[in-house]
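Observations on the model geometry
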Amino acid sequence: MNWLPFEFSLALRYLRPKRTAVSFITLISVIGVMLGVAVLIIVTSVFSGFHLQLKRSLFQFTADVNVREIQIYEENGVRRWQLGPIEEYDQLTDQLAAIPGVKGTMPVVVGKVMMEAQPEAGPAVFDAPMLYGVDAERMEQVSQVPSKMKEGKFDLSGNGLVVGYNFGRQDAHGVFRLKPGDKVLIYSPQSLKTMKDSQEAGESIGILPEEYTVKGVFDAGFGELNNFMFCSLYNAQDLYHLDDVAHTVWVETEDPLALEPVIAGIKAELGERYVIGTWQDLNPTLLAQVEVEKNVTGFLMLFIVIVAAFGIASSLIIFGVQKTKEIGLLKALGATNGQVSAVFLIQSAVVG
């Protein structure tokens, strides 16, 4: 190493393994730095991977962006607004499809229903799941649910129904244990309200539930998302006693993790009459908790690296004390303070 400056040559020679306490402490410092950085990278990568997988589960289930229309009205002289149905949803989907960065659009009717199923043994079971009325053909453009079928297929023809895995589980945790071909009864909130109003008026009106046939069971890979069900858009309109309207329009984008340009384009195209939501609104609390855990873990892991850095510092202090004579000899030979300091700085840089 004669071609190197003497500061580098001397620092590297001091790093060569020798049977001294300094070399052993240096080795321990190097191992400490390696382990600290390895733990930092592994833990951060695990949390980042989990966060990304959670995000993918959410934006692969629904579209990346959803658009809802605002209805403005006055009450007691005060101007207010509320979300209302979208009447010209075909025109709106065409407008959204023309925006750069948009891959697909689809009108959706969504709301809760009461579902009744009769298991093979035991009494009938009930639940109030979220029901999405969608277009089966456009569904493949805006969601990956059709590609995540566990049983059957994504078929909404007739009174077809596609349910989440939580309703189709066949193990001990499954209550409904639905499978393709099973029949279920769906009660809409509007029908239940009609019966309630008739009883209050002294009348007796019985409204029969709609019978649906399970055509498939999907597994979204996330427990809460497996509590949802899908039927055709027109069946959902009938259930909720709606005209030819939609509650929202789903918009699929080219990059779900960079929605700002698309949202800006939608606002410029539609103006202020619409509310724009994203896939992050599906479960913002869970996403925020994971983000906080990832940041806190990274903060804690930083202290591991700081401890490793203190190990390097302690080895250099011991090294400097034991090399007092060599330092005096270097000064006597004409070495400057900067050159002597460079020897220790180069040694610590190599270890780091």
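As a reminder, the structure under discussion sits directly above these lines.
Moving on, we get to helix α6 (residues 189–200). Its twelve residues place the ends of α6 17 Å apart at the C-alpha level, agreeing with the 16 Å of an ideal helix rising 1.5 Å per residue. Considered for burial, the residues of α6 that qualify are S191, M195 and S198. Around the axis of α6, the buried residues are gathered within 65 degrees of arc, so they sit on the same side. Turned more than 90 degrees off the buried face of α6, the exposed positions are K193 and E200.

All right, on to the packing of aromatic side chains then. Applying the stated rule across the entire model yields six aromatic pairs. Considering the side-chain rings of F167 and F176, the 5.3 Å spacing of their centres and the 75 degrees angle between planes classify their relative orientation as edge-to-face. Through successive ring pairs, a cluster of aromatic residues spans Y132, F154, F218, F228, F230 and W250. Over the aromatic face of Y165 sits the side chain of K150, whose NZ or CZ is 5.0 Å from the ring centroid.

A few words now on the packing of helix α3 (residues 89–97) against helix α8 (residues 260–270). Between α3 and α8, whose axes approach to 10 Å, the crossing angle comes to 130 degrees. With respect to their mutual orientation, α3 and α8 come out oblique. Regarding α3 and α8, the two cross each other, and that crossing is right-handed. In contact with L92, Q95 and L96 of α3, α8 contributes I266, E269 and L270. Considering only residue class, the contact of α3 with α8 consists of four nonpolar, one polar and one charged.

Let us now look at unusual backbone geometry. Residue R177 is not a glycine yet carries a positive backbone phi of 55 degrees. Along the polypeptide, R177 turns up in the loop between α5 (165–168) and β9 (183–187). Non-glycine residue H241 carries a positive phi angle of around 55 degrees.

When you line up the elements, T248 lands in strand β12 (residues 248–253). For T248, a relative accessible area of 5% gives the class buried. Looking at T248, its side chain comes within polar contact range of the main-chain oxygen of V67, at 3.0 Å. Sequence-distant contacts of T248, that is, excluding residues within four places in its chain, are made with N66, V67, R68, I86, M106, P107 and V108.

One pass over the structure, following the stated rule, counts three salt bridges. Linking R273 and E69 is a salt bridge whose minimum nitrogen-to-oxygen distance equals 2.5 Å. One end of the pair, R273, is in the loop between α8 and β13 (274–278); the other, E69, is in strand β1 (residues 65–75), with 204 residues separating them in the sequence. We classify R273 as partly exposed; its relative accessible area is 47%. Where K179 meets D182, a salt bridge forms, and the shortest distance between an N and an O atom there is 3.8 Å.

About the thresholds
Every residue gets a number counted from 1 within its own chain, in the order that chain's sequence is written. Totals for whole chains, interfaces and linings use every residue, but because this is a predicted model, local features are given only for residues with pLDDT of at least 70 and side-chain atom pairs only at 80 or more, for both listing and counting. Excluding hydrogens and water, the side-chain values take into account all heavy atoms of the structure. Helix and strand definitions follow DSSP, with helices as H or I runs of at least four residues and strands as E runs of at least two, each counted in order from the N terminus. Here the expected span of a helix is defined as 1.5 Å times the quantity of residues minus one. Under the scheme applied here, a residue whose accessible area is under 20% of the maximum for its type counts as buried, over 50% as exposed, and between as partly exposed, the area being computed with a 1.4 Å probe on protein chains only. Read the arc as the range of directions from the helix axis to the C-beta atoms. Only the six-membered ring of Trp is used, alongside the rings of Phe and Tyr, when aromatic pairs are assigned; centres must lie within 6.5 Å, and planes under 30 degrees apart are stacked while those over 60 apart are edge-to-face, with the rest tilted. Charge-over-ring placement is defined geometrically: NZ (Lys) or CZ (Arg) within 6 Å of the ring centre, and within 35 degrees of the ring normal. Only the contacting stretch of a helix is used when fitting its axis, a line to C-alpha atoms as for every element, and angles between N-to-C directions run 0 to 180 degrees. Throughout this description, any angle smaller than 35 degrees is read as roughly parallel, any larger than 145 degrees as roughly antiparallel, any in the 65 to 115 degree range as roughly perpendicular, and the remainder as oblique. It is the rotation of the near helix from the far one that decides the hand of a crossing: anticlockwise by less than a right angle makes it left-handed, clockwise makes it right-handed. Residue contacts are counted whenever heavy atoms from the two residues lie within 4.5 Å of one another. Gly counts as polar in this scheme, as do all residues outside two lists: the nonpolar Ala, Val, Leu, Ile, Met, Phe, Trp, Tyr, Cys and Pro, and the charged Asp, Glu, Lys and Arg. Counting of polar contacts relies on pairs of N or O atoms within 3.5 Å, with two restrictions inside protein: one atom must be capable of donating a hydrogen and the other of accepting it, and residues adjacent in sequence are counted only when both atoms are side-chain atoms. Within this document, salt bridges are pairs made up of a side-chain nitrogen of Lys or Arg and a carboxyl oxygen of Asp or Glu, the two lying within 4 Å of each other.

Functional significance is not addressed by these values, which are geometric in nature.
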